[in-house]
There are 2 protein chains.
Amino acid sequence: MMKTSEQEWLFLFEALANPIRLKIIASLHGKRKYVSELAREVGISRPLLYMHLQRLEKGGLVIGNLELSEDGKAVKYFELTDFNFHLTPQTIAEAVKGL
Amino acid sequence: MMKTSEQEWLFLFEALANPIRLKIIASLHGKRKYVSELAREVGISRPLLYMHLQRLEKGGLVIGNLELSEDGKAVKYFELTDFNFHLTPQTIAEAVKGL
DNA sequence: CTGACATGTAAGAATATTATTACACACGAA
DNA sequence: TTCGTGTGTAATAATATTCTTACATGTCAG
């Protein structure tokens, strides 16, 4: 959960810099969901959702887990990590030092 | 300093989602600078810097101030706002509610 | 064996962001 | 008046992101 390099911070910010991805985070808040379910809920195509989930995962905001449901079907669940970041001029200045 | 709408949060994240802009923030940390000075320091062209400063300003991270120096020349100074944001699943979920 | 779900990816189109180049103008010093 | 410094913008090129479409796979229920 602790970001060490500037690159990691960048991935975080890039992940957050999109309205659909914010919506995904909000939708995942409190309840994990599987991909198709989430695509219906957010109202976008599944391939598009995959792209967004990848970016969110890269930013360390969500984590995916492929499971086999009772009836033998593969289902991939996504849930939020419990991230907690503090943004101030200082934290950002420190992040850039490691450039 | 308090973000109320999702749009404002988005502007903030978009402002942060770029390595040059992080560098600008770091460079402005502790000391305000004028545009040409900052361009030299960060190592980019002035027109490009303008674009980045606009985005940073839109995100509420910096503020510009056009002044007349003693010798009558117009000089535009930029400085950091003292922002302070807290990022958790909850704060983001709340931001999206106002959609 | 077909239909209804699920996972996943590849290729290309559409759009947005980033970067460069070429302009304008103003002031003071040489 | 020319040079060096500062301001600012418009037009375009280069690149990256976002989105769509079309595919391929698998399981279960009917």
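It should be noted that the structure appears before, not after, this text.
A brief look at the structure comes next. (Residues numbered from 1 in each chain as written. Chains lettered and ligands numbered in written order. Predicted model: local features only at pLDDT ≥ 70, side-chain atom pairs only at ≥ 80, totals over all residues. Heavy atoms only, no water.)

All right, on to the interface of chain B and chain A then. Contact residues are listed per partner, giving 28 residues for chain B and 28 residues for chain A. The junction of chain B with chain A conceals about 2500 Å² of combined surface from both sides, 79% of it contributed by carbon and sulfur atoms. Ranking the residues of chain B by area buried against chain A places Leu22, Leu87 and Pro89 of chain B at the top, with a combined share of 22%. In this assembly, chain B and chain A are joined by zero salt bridges. For the side of chain B that touches chain A, the elements supplying multiple residues, two or more each, are α1 (6-16), α2 (19-28), β4 (85-87) and α5 (89-97) of chain B. By residue class, the composition of the side of chain B that touches chain A is 17 nonpolar, seven polar and four charged. (Contact = heavy atoms within 4.5 Å. Buried area = accessible area lost by both parts, 1.4 Å probe. Salt bridge = Lys/Arg side-chain N within 4 Å of Asp/Glu carboxyl O. Helix = DSSP H or I, 4+ residues; strand = E, 2+ residues; numbered from the N terminus. Nonpolar A, V, L, I, M, F, W, Y, C, P; charged D, E, K, R; others polar.)

Looking now at the protein's contact with DNA strand D. Every one of the 22 residues lining DNA strand D counts as a neighbour, but Asp71 of chain A together with Tyr34, Ser36, Arg46 and Tyr50 of chain B are closest to it. For DNA strand D, the backbone makes up 69% of the atoms found within 4 Å of the protein, where backbone means sugar plus phosphate. A distance of 3.0 Å separates a phosphate oxygen of DNA strand D from a polar backbone atom of Asp71 of chain A. Those elements that place two or more of their residues in the surface near DNA strand D are α2 (19-28) and α4 (46-58) of chain A together with α3 (35-42), α4 (46-58) and β3 (74-80) of chain B. Considered class by class, the residues forming the surface near DNA strand D number 10 nonpolar, five polar and seven charged. (Near = heavy atom within 4 Å. Polar contact = N/O pair within 3.5 Å; in protein donor to acceptor, adjacent residues only side chain to side chain.)

Residues and elements named next belong to chain A. Under the definition given, this model contains eight aromatic pairs over all chains. Ring centres of Tyr34 and Tyr77 lie 5.8 Å apart, and the angle between their planes is 80°; this geometry places the pair in the edge-to-face category. Taken together, the residues span a long stretch of sequence, with Tyr34 in strand β1 (residues 33-34) and Tyr77 in strand β3 (residues 74-80) at a distance of 43 residues. By relative accessible area, Tyr34 is classed as partly exposed at 28%. The exposure class assigned to Tyr77 is partly exposed, which follows from its relative accessible area of 21%. Through pairs of rings, three or more aromatic residues link up here, namely Trp9, Phe13, Phe83 and Phe85. Directly above the aromatic system of Tyr77 lies the positively charged group of Arg32, at a separation of 3.8 Å from the ring centroid. (Phe/Tyr/Trp six-rings, centres within 6.5 Å; stacked < 30°, edge-to-face > 60°. Buried < 20%, exposed > 50% of the residue type's maximum accessible area, 1.4 Å probe, protein only. Lys NZ or Arg CZ within 6 Å of the ring centre and 35° of its normal.)

Before going further, it helps to examine the sheet that holds β3 of chain A. Strands in a sheet are paired, the pairing made by backbone hydrogen bonds, and the direction either parallel or antiparallel. Residue and element names in this part refer to chain A. One open sheet holds the three strands; their spatial order is β1-β3-β2, and the pairing between them is antiparallel. Whereas interior strands pair on both sides, the edge strands pair on one side only; in this sheet they are β1 and β2 (62-68). Across two bridges, the pairing between β1 and β3 is antiparallel. Its bridge partner being in β3, Lys33 is matched across the sheet by Phe78. (Pairing = 2+ DSSP bridges.)

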